[in-house]
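Spelled out, the chains give:
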Amino acid sequence: MTGSRALLHQAAALCLTYPDEELYERLPLVRAAAPRLAPFVDHAEAAGLAELAAHYVQVFDFKNRHSLYLTWWRDGDTRRRGMSLVRMKEVYRQHGMEFTGEELPDFLPAVLEFSAQAGPVLLEEHRSGLELLRLALTEHGTPYATVLTAVCATLPGPTPKDRAEALALARSGPPREEVGLEPFGDLGLRAPLPLFVKEQAR
């Protein structure tokens, strides 16, 4: 399960980034590596790049209720969210990985890529947000919901059936350790994909 989960998370990370020609070149690999993502691959191939890109913008860029930024689901646009982002970068560093790119460290494709390499610790910590996003996308009727459904199915425990169960999961989620974090600092990222580089020894 661990190997297949890692492949699915890596493939899901690719599917949830803004569509480009690289995605289309890799769709056959996505289908082969992660059969659960086949419905999304089918849709992407049928729609074509321009239509899928327009759909991505419509789904994700104008609706906070479809946010791909995991800390938003728990913290909203508050200072507490800033501390959550700092902590997330610290988790990456603890695993010898330095975050890069133009997104924030809680961007779901980045967290999925990290999970593929280091395990689903952050996905499990933000399970309630993932489930709320899955429910919102399902209600919206977008094929991207199938990607979230596949990801959530790889995580332990039952999948919430509705928003109330997902919110209950949020209330009973794992505690967060915020002691010893680096001061509130640069949360920006430096380059496009790949999202991580191995941290250099100092």
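Check the entry above for the structure.
Described in the following lines is the structure provided in the data block. Small disclaimer: the values here were computed from a predicted structure and weren't measured.

What follows is about the overall build of the protein chain. When its secondary structure is counted, the protein chain shows 11 helices and two strands. Ordering the α and β elements of the protein chain from the N terminus gives α-α-α-α-α-α-β-α-α-α-α-α-β. A burial count over the protein chain gives 48% of its 202 residues as buried.

It is worth spelling out the nonpolar core at this point. Core analysis: the biggest nonpolar cluster contains 47 residues, and L37 and L108 have the highest contact counts within it. Examining the composition of this core, we find that seven residues originate from one element, helix α10 (residues 144-152), more than from any other. Excluding its chain neighbours within four sequence positions, the residues that come into contact with L108 are L16, L68, L70, L123, L130, L133 and L148.

All right, on to the packing of aromatic side chains then. Describing an aromatic ring pair means giving the distance of the ring centres and the angle of the ring planes. Scanning all chains against the criterion turns up seven aromatic pairs. Each ring, one from F60 and one from Y144, has its centre 5.1 Å from the other, and the planes form 70°; the classification is edge-to-face. Here F60, found in helix α4 (residues 49-61), pairs with Y144, found in helix α10; they are 84 residues apart in sequence, far enough to count as distant. Here F60 and Y144 have matching classes, each one buried. Relative to F107, the ring of Y69 lies with its centre 5.4 Å away and its plane at 35°, an arrangement referred to as tilted. Of the two residues, Y69 is situated in the loop between α4 and α5 (70-75) and F107 in the loop between β1 (97-99) and α7 (108-118); the sequence distance between them amounts to 38 residues. On the basis of relative accessibility, which here comes to 22%, the residue Y69 falls in the partly exposed class. Among the aromatic residues, those joined into a ring-pair cluster are Y18, F40, Y56, F60 and Y144.

Let's shift gears to the environment of R26. Here R26 is to be found in helix α2 (residues 21-33). Using a relative accessible area of 39% as the deciding quantity, one classes R26 as partly exposed. Between the C-alpha atoms of R26 and A11, which are 15 residues apart in sequence, the distance is 9.1 Å.

Right, let's talk about the side chain of S115 for a bit. Structurally, the position occupied by S115 is in helix α7. According to the relative accessible area criterion, S115 is buried, its value standing at 4%. Excluding residues within four positions of it along the chain, S115 makes contact with H9, P120 and L123.

Applying the stated criterion across every chain yields a total of nine salt bridges. Between E22 and R26 there is a salt bridge, with the nearest N and O atoms lying 2.8 Å from each other. Linking E22 with R26, this pair stays in helix α2, spanning four residues, or about one helical turn. Ionic pairing is found between D42 and R31, a salt bridge with its closest N-O pair at 2.8 Å. Of this pair, D42 sits in helix α3 (residues 38-47) while R31 sits in helix α2, and the two are 11 residues apart along the sequence. The class of R31 is partly exposed, set by a relative accessible area of 29%.

Parameters at a glance
Residues numbered from 1 in each chain as written. Predicted model: local features only at pLDDT ≥ 70, side-chain atom pairs only at ≥ 80, totals over all residues. Heavy atoms only, no water. Helix = DSSP H or I, 4+ residues; strand = E, 2+ residues; numbered from the N terminus. Buried < 20%, exposed > 50% of the residue type's maximum accessible area, 1.4 Å probe, protein only. Core = buried A, V, L, I, M, F, W, Y, C linked by side-chain atoms within 4.5 Å. Contact = heavy atoms within 4.5 Å. Phe/Tyr/Trp six-rings, centres within 6.5 Å; stacked < 30°, edge-to-face > 60°. Salt bridge = Lys/Arg side-chain N within 4 Å of Asp/Glu carboxyl O.

In short, shape yes, function no, at least from these values alone.
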